[in-house]
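Single-letter residue listing:
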Amino acid sequence: MSIFRSMVTYILLVIGAVIVMFPIGYAFIISFLSGAQLLQGVLWPDEWSLQNYVTAFEKVPLLRYLWNSFIVSFIVMIGQLLVSSLAAYAFVFLRFWGRDVLFFMTIATMLIPWEATVIPNFLTIQKFGWTNSYLGLTVPFFALAFGIFLLRQHFKTIPFELYEAAQVSGVRHFRFFWYVVLPLSKTSLATLGVYSFLTTWNMYLWPLLVTNDEKVRTVQIGLKQMQTQEMATEWGVVMAAVVIVIMPTLLLLFIGQKQLQKGLMQGAIK
Amino acid sequence: MIELVQIGKSYDGKTFVVDDVNVRIEKGEFFVLVGPSGCGKSTLLRMIAGLEPITSGSLRINGKEMNDVPPSERNLSMVFQNYALYPHLTVEENITFGLHTKKISKQERKKRCMEAAEMLGLTDYLKHKPRQLSGGQRQRVALARAIVAQTPICLMDEPLSNLDAKLRAKMRFEIRQLQQQLGITMIYVTHDQMEAMTMADRIMVMDGGRVQQIGEPLDVYNHPANIFVASFIGSPAMNMTKADVLEQSLIFNRERIMRLAHRFPLETKNITIGVRPEHIRLANKNDPYFTVKVVNVERLGTETLITFALTKKEHWIARWNGQCSVRVGDEVPVTIDEQHVLFFNEAGERLYVGVGDDYVSFRETKF
């Protein structure tokens, strides 16, 4: 490739990156501005004061919310990985009547918008008495058609002879699942794990519905609380909280990306 | 002892990919299933293993009906064509993976693994991953895995087809030796008739899902039951030619005529004759002979393969010992002993006709 072409490519990439990163960068800058400066339209802070961050933690129990979000996201991630991988295993390695029909029905549930199921789900949770609890926040998300689909596709790439060899030598399903299928699907499991963690972390509507107690409330609701508690929203404080909230997301992407790329490359060469 | 009684396999309930297989495999026997690809031999093996449900018939191992018994309870081991090694486990873990479920102590597992590794020369590679091994070594790991289970029956599905020719010859010998050492009953699937001939106690030739012939290798070689077996077993393949029957003579493509010492039944019309390449020899002084034109000569060192034109359309191959000085285009006198000529009827089945002691005599026809 000529130097000219790679230059054009890189320039385009840089422009794209700037556009995509601008809101985050701007939020980061605002988080260091005082309310007065913000109203004046200052674009660059004179001094990098952490006052907004301190206020954010004082105003709402941000740490508590962060912890809640972490717990909820983590439980949902584990739950989704477990349920999806077990279901995918059954769809790939077990022979039973109506297996494919069942699988396509599972896939078909992806066509139903999640919002359409909110009310029935809420009623169920309410009947169970799970409102204001981690159970109510996590359990409805354990079964994920997308996760089942993703893992099934990966499990299908595992040579079926491995399963047959295990069958002949008397290896039980769970042992085969745990020691062969899961280690061979690390890449997809990591992808699904990151995906479900982030989706849950960013969830807003559902936690808003099933919680009204700060003991279990998640951080996204905390952010919203900041904006409505007073007449004039202190945007500096809100943005400080936003920066704190997106931190785990960014960290996960930075750490995960390298792992994911490595995994993808290995898969390609084999 | 393994008994197959009228075993059949069908996926759609109409066409059978394996049909009416009856055989009894003795304890300690090396039994080879051989046939072209798609003949149903692998399916049959997988039915014995329990990986494929049996549609009809009954499978008995040591007198016990096994049709619905899961593979793990049939007490057998299996080696797959692509080895089916677990890529993320070390050689040692691969070998002992199946032992964990059999309630075998850790020391015993280790001991068995070491024994098998020693037997197959894998001791130095126990900590390696499969991808660090060569094809032959991977094959050995798969064998070791089958051995450590110490099952009385071992099934192998074309285990050598991914190896190069030299290694294949070596592994053939090793597998055979191992089987005799351990006294296992072996059922071995291959499409390579050479493997079947060299390894087996008995072979079963299959085609189109049906058993064509069962017997000891040389028996099958010398007395093939039909055209398929005759042409499949042996390399180079048996020479085959269609012929018209005219009283006591056979006519090939209206060019050559062959007189026989006996008569065919009157209703016989078209027959096929078969002659092994090694049975066509250079005619001596007093032999009845026919001259043929040499089309191609392949000198293999210990033997020479001579292709000649029997008729305008058909070429036959003769195999002569040593390094012959025949050249392409030469006219040579050849002869065939009648006892070595096989006859097949229109349906491809072997015709057993009284064999006289006269020589077969060919000559050019003058129509």
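Here the structure is shown first, and the text comes after it.
Cut-offs and rules
- Residues numbered from 1 in each chain as written.
- Chains lettered and ligands numbered in written order.
- Predicted model: local features only at pLDDT ≥ 70, side-chain atom pairs only at ≥ 80, totals over all residues.
- Heavy atoms only, no water.
- Helix = DSSP H or I, 4+ residues; strand = E, 2+ residues; numbered from the N terminus.
- Buried < 20%, exposed > 50% of the residue type's maximum accessible area, 1.4 Å probe, protein only.
- Contact = heavy atoms within 4.5 Å.
- Rg over C-alpha atoms; globule rule 2.2 N^0.38 Å.
- Areas by Shrake-Rupley, 256 points an atom, 1.4 Å probe, with all protein chains shown as cover.
- Buried area = accessible area lost by both parts, 1.4 Å probe.
- Salt bridge = Lys/Arg side-chain N within 4 Å of Asp/Glu carboxyl O.
- Polar contact = N/O pair within 3.5 Å; in protein donor to acceptor, adjacent residues only side chain to side chain.
- Nonpolar A, V, L, I, M, F, W, Y, C, P; charged D, E, K, R; others polar.
- Disulfide = S-S within 2.5 Å.
- Core = buried A, V, L, I, M, F, W, Y, C linked by side-chain atoms within 4.5 Å.
- 1 Å grid on protein atoms, 1.4 Å probe; cavity = no way out; pocket = protein on both sides within 12 Å on 5 of 7 lines; lining within 4 Å.
- Points joined across faces, edges and corners; volume = space filled by probe spheres on them.
- Phe/Tyr/Trp six-rings, centres within 6.5 Å; stacked < 30°, edge-to-face > 60°.
- Patch = residues over 30% accessible without salt bridge, like charges linked within 9 Å, V, L, I, M, F, W, Y side chains within 5 Å.
- Pairing = 2+ DSSP bridges.
- Axes fitted to C-alpha atoms, helices over the stretch in contact; angles between N-to-C directions.

Structural notes on the overall build of chain B
1) Next: Of regular secondary structure, chain B possesses eight helices and 22 strands.
2) Next: With respect to the three principal axes, the spread of C-alpha positions in chain B is 80 × 45 × 35 Å.
3) Next: In chain B, which comprises 367 residues, the share counted as buried stands at 52%.
4) Next: Of the contacts formed within chain B by residues at least 6 apart in sequence, a portion of 66% connects residues at least 24 apart.

Quick look at the overall build of chain A
1) Next: When its secondary structure is counted, chain A shows 14 helices and zero strands.
2) Next: Taken from the N to the C terminus, the helices and strands of chain A come in the order α-α-α-α-α-α-α-α-α-α-α-α-α-α.
3) Next: Relative to its length of 270 residues, chain A is extended, with a C-alpha radius of gyration of 23 Å against a globular reference of 18 Å.
4) Next: Seen through its principal axes, chain A has C-alpha atoms that stretch 75 × 65 × 30 Å.
5) Next: Only carbon and sulfur atoms are counted for the fraction: they give 71% of the accessible area of chain A, which is about 16,000 Å².

Considering the interface of chain A and chain B
1) Next: On the side of chain B, 22 residues touch chain A, which itself brings 18 residues to the contact.
2) Next: Interface area for chain A against chain B, summed over the two sides, is near 1,800 Å², with a carbon-plus-sulfur share of 65%.
3) Next: The largest share of the area that chain A buries against chain B comes from A:Glu164, A:Val168 and A:Arg175, three residues that together contribute 32% of it.
4) Next: Of the charged contacts, one joins B:Arg46 and A:Glu164 as a salt bridge, the two residues approaching to 2.6 Å between their closest N and O atoms.
5) Next: The tally of links from chain A across to chain B stands at five residue pairs in polar contact (both at pLDDT 80 or more).
6) Next: For the side of chain A that touches chain B, the secondary structure elements donating two or more residues are helix 9 (160–168) and helix 10 (173–184) of chain A.
7) Next: Its residues placed into classes, the side of chain A that touches chain B shows 10 nonpolar, three polar and five charged.

With respect to the state of the cysteines
Residues and elements named next belong to chain B.
1) Next: Counting across every chain of the model gives zero disulfides over all chains.
2) Next: Left unpaired, Cys39 is separated from the closest cysteine sulfur, that of Cys154, by 20 Å.
3) Next: Overall, Cys39 belongs to the buried group, its relative accessible area being 1%.
4) Next: Not engaged in a disulfide, the cysteine Cys113 finds its nearest cysteine sulfur in Cys154; these two sulfurs lie 17 Å apart.
5) Next: With a relative accessible area of 0%, Cys113 lands in the buried category.

Re the nonpolar core
As a rule of thumb, nonpolar side chains are buried together in soluble globular proteins.
1) Next: Grouped together as the largest cluster of nonpolar side chains are 79 residues, with contacts concentrated most on A:Phe93, A:Phe155, A:Phe176, B:Leu4, B:Leu44, B:Tyr86 and B:Leu155.
2) Next: For this core, the element with the highest residue contribution is helix 4 (residues 62–93) of chain A, accounting for nine residues.
3) Next: Core analysis: the second largest hydrophobic core is formed by 45 residues, B:Ile95, B:Ala146, B:Ala196 and B:Ile233 among them.

Here we look at empty space enclosed by the protein
Remark: the empty space left among the atoms is shown by a probe the size of a water molecule rolled over them.
1) Next: For the structure shown, the criterion picks out two cavities of 30 Å³ or more.
2) Next: As for the largest cavity, its lining consists of 20 residues, of which A:Ala165, A:Ser169, B:Ser77, B:Arg145 and B:Ala146 are closest to the centre.
3) Next: Elements supplying a minimum of two residues to the lining of the largest cavity: helix 9 of chain A together with strand 6 (76–79), helix 2 (91–96) and helix 4 (135–148) of chain B.
4) Next: When residues of the lining of the largest cavity are assigned to their parent elements, the largest contribution, four residues, is made by helix 4 of chain B.
5) Next: Grouping the amino acids of the lining of the largest cavity by side-chain chemistry returns 13 nonpolar, five polar and two charged.
6) Next: Contributing to the lining of the second largest cavity are B:Ser77, B:Leu143, B:Ala146, B:Ile147, B:Cys154, B:Met156, B:Leu178, B:Ile184 and B:Met186.
7) Next: Element by element, the count of residues in the lining of the second largest cavity is highest for helix 4 of chain B, at three residues.
8) Next: For the lining of the second largest cavity, the per-class residue count stands at eight nonpolar, one polar and no charged.

Re the side chain of A:Ser73
1) Next: Looking at the secondary structure, you find A:Ser73 in helix 4.
2) Next: With sequence-adjacent residues up to four places away left out, A:Ser73 is seen in contact with A:Phe197, A:Thr200 and A:Trp201.

Focus on helix 9 of chain A
1) Next: Counting buried positions over the nine residues of helix 9 of chain A gives seven, a clear majority of the element.
2) Next: Residues of helix 9 of chain A that are buried in the fold lie against helix 4 and helix 10 of chain A together with helix 1 (41–49), strand 6 and helix 4 of chain B.

With respect to the environment of A:Ser69
Residue and element names in this part refer to chain A.
1) Next: With respect to the helices and strands, the residue Ser69 is situated in helix 4.
2) Next: According to the relative accessible area criterion, Ser69 is buried, its value standing at 1%.
3) Next: The spatial distance from the C-alpha of Ser69 to the C-alpha of Glu234 is 23 Å, given a sequence separation of 165 residues.
4) Next: Setting aside its immediate chain neighbours within four residues, Ser69 contacts Trp201, Thr218 and Val219.
5) Next: In terms of polar contacts, Ser69 uses its side chain to reach the backbone amide nitrogen of Val219, at 3.0 Å.

Focus on the packing of aromatic side chains
Residues and elements named next belong to chain A.
1) Next: Tallying each qualifying case throughout the model produces 27 aromatic pairs over all chains.
2) Next: With a centroid separation of 5.2 Å and an interplanar angle of 35°, the aromatic rings of Phe93 and Tyr163 are classed as tilted. You can see Phe93 sitting in helix 4 and its partner Tyr163 sitting in helix 9, a full 70 residues away along the chain. In this pair, the class of Phe93 matches that of Tyr163, namely buried.
3) Next: Between Trp114 and Phe141, the ring centres sit 5.9 Å apart and the planes meet at 25°, which makes this aromatic pair stacked. Remark: Phe141 occurs in the loop between helix 7 (134–138) and helix 8 (145–155) and Trp114 occurs in the loop between helix 5 (99–108) and helix 6 (118–128); sequence separation between them is 27 residues.
4) Next: For Phe141, a relative accessible area of 12% translates into the label buried.

Notes on a nonpolar patch on the surface
1) Next: The grouping of A:Ile3, A:Phe4, A:Met7, A:Val8, A:Ile11, A:Leu12, A:Ile15 and A:Ile19 at the surface amounts to a nonpolar patch, some 860 Å² of accessible area in total.
2) Next: Mapping A:Ile19 onto the fold places it in helix 1 (residues 3–30).

Observations concerning the sheet that holds strand 16 (residues 290–299) of chain B
Residue and element names in this part refer to chain B.
1) Next: Strands sit in the order 15-19-16-17-18 across an open sheet of five strands; the sheet is antiparallel. Pairing within the sheet leaves two strands with one partner each, and these edge strands are strand 15 (280–282) and strand 18 (315–321). Ignoring which end each strand starts from, the neighbouring axes of this sheet average 50° apart.
2) Next: Across six bridges, the pairing between strand 16 and strand 17 (residues 303–309) is antiparallel. Pairing of Glu298 across the sheet is with Leu305, part of strand 17.

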